[in-house]
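These are the residues of each chain, in order.
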Amino acid sequence: MTRTVYVNGEYLPETEAKVSIFDRGFLMADAVYEVTSVLGGKLIDFEGHAVRLKRSLDELEMAEPCSKEELLEIHRKLVELNGIDEGLVYLQVSRGSDGDRDFVFPSEDTKPTLVLFTQNKPGLADSPAAKKGAKIISIEDIRWGRRDIKTVQLLYPSMGKMMAKKAGADDAWMIEDGHVTEGTSNNAYFVKDGVIVTRPLSNDILHGITRKAVLRMAEEAQLKVEERLFTIEEAKAADEAFTTSASAFVMPVVEIDGVALGDGTPGPIAKRLREIYLEESMKEAI
Ligand code: PMP
């Protein structure tokens, strides 16, 4: 089926949507993005995504393409036009182009480029991958220093996923100065003696909106949370581990660098947090 996508004010068949070859998103990765999950035809944590998008734009001195209300309207219309029950809405804002290639930012009246499209993913919530749990490898973190800004510079995360695939694993966690930063497209956690450990927020990691929600829900469920730096050795010796992201929710991790965690199946805390997160966020979906 041909999707209907959104480009700069227009809803079009995907085959007819166009962006300039001079667009700075294309030439310089001068663009930010958000991926919002859809469950039961409704948007999960739209507010969280809208707030983070505004922050990414502000940090890069990029203009807002439209209001939050208009963005919500576009998300909803695409979900409806494409008949999405479970899936994702991808949104990208780039600095646009003034018709040539130049390192210097274009003039302030240059319009940002706004693109949105849907991805249909039946079975997103009741995922077989989450029942099995993920095997991860560790790799060096060689990304730039502003990982808190959600830019489309995804080449290294992409290479990390390929390194994992070649090693027979599902994903990779990245390590900098001896400590785990995060997964290639998720935040990283381990659980030892009932305590959930994850890296504190800084410019070194993306401020995951699922991370924020899951940590709040963990505390409400009387689970102990420690936000501190941790090593891959600590994670390998853990009782269980997991990742969080808006598109995979809470994903249990069952193996790190070939070492099985616990009995090698998804741990009880990861499974419980996944259930709580799905239940709570679906209640609040809009
Ligand atoms: N870290 C990175 C590097 C990511 O790409 C993502 C996915 N957006 C996350 C963490 C998780 O963030 P969120 O829960 O907001 O999807």
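Everything numeric here is computed off the predicted structure, so don't read it as measured data.

Moving on, we come to the layout of surface pockets. Here the largest pocket is characterised by a volume of approximately 1,200 Å³. Forming the boundary of the largest pocket are 46 residues, of which Lys-161, Thr-184, Ser-185, Asn-186 and Ser-245 lie nearest the centre. Looking at the lining of the largest pocket element by element, the count peaks at five residues for helix α5 (residues 155–166). Classifying every residue of the lining of the largest pocket by side-chain character gives 19 nonpolar, 16 polar and 11 charged. When residues of the lining of the largest pocket are assigned to domains, at least three map to each of domain 1 (4–120) and domain 2 (128–284). Lining the second largest pocket we find 26 residues, and of these Asp-45, Glu-47, Gly-48, Ile-209 and Lys-212 sit closest to its centre. Of all the secondary structure elements, the ones that give two or more residues to the lining of the second largest pocket are α2 (46–59), α3 (68–81), α6 (209–220) and α8 (268–283).

Scanning the entire structure with this criterion turns up two cavities of 30 Å³ or more. Here the largest cavity is characterised by a volume of approximately 60 Å³. Taken together, Phe-22, Arg-24, Leu-27, Met-28, Ser-97, Asp-98, Asp-100, Arg-101, Asp-102, Val-104, Phe-105 and Pro-106 make up the full set of residues lining the largest cavity. In this structure, the second largest cavity encloses a volume near 40 Å³. Around the second largest cavity, the lining residues are Glu-34, Thr-36, Phe-46, His-49, Ala-50, Leu-53, Leu-71, His-75 and Leu-91. For the lining of the second largest cavity, the secondary-structure elements that each account for two or more residues are β3 (31–39), α2 and α3.

Our focus in this paragraph is the pattern of salt bridges. Close approach of charged atoms lets side chains of opposite charge pair. The full count for this structure, using the stated rule, is 25 salt bridges. With a shortest N-O distance of 2.9 Å, Arg-3 and Glu-14 are connected by a salt bridge. Placement of the pair is Arg-3 in the segment before β1 (4–7) and Glu-14 in the loop between β2 (10–13) and α1 (24–28), with a sequence separation of 11 residues. Residue class for Arg-3 comes out partly exposed when judged on its relative accessible area of 29%. Two residues, Lys-54 and Glu-64, come together in a salt bridge whose shortest N-O distance is 3.8 Å. With Lys-54 in helix α2 and Glu-64 in the loop between α2 and α3, this residue pair connects regions lying 10 residues apart in the sequence. Residue Lys-54 is classed as partly exposed on the basis of its relative accessible area of 34%. Residue class for Glu-64 comes out partly exposed when judged on its relative accessible area of 44%.

Thresholds, definitions, all that
Residues numbered from 1 in each chain as written. Predicted model: local features only at pLDDT ≥ 70, side-chain atom pairs only at ≥ 80, totals over all residues. Heavy atoms only, no water. 1 Å grid on protein atoms, 1.4 Å probe; cavity = no way out; pocket = protein on both sides within 12 Å on 5 of 7 lines; lining within 4 Å. Points joined across faces, edges and corners; volume = space filled by probe spheres on them. Helix = DSSP H or I, 4+ residues; strand = E, 2+ residues; numbered from the N terminus. Nonpolar A, V, L, I, M, F, W, Y, C, P; charged D, E, K, R; others polar. Domains from an automatic or database assignment. Salt bridge = Lys/Arg side-chain N within 4 Å of Asp/Glu carboxyl O. Buried < 20%, exposed > 50% of the residue type's maximum accessible area, 1.4 Å probe, protein only.

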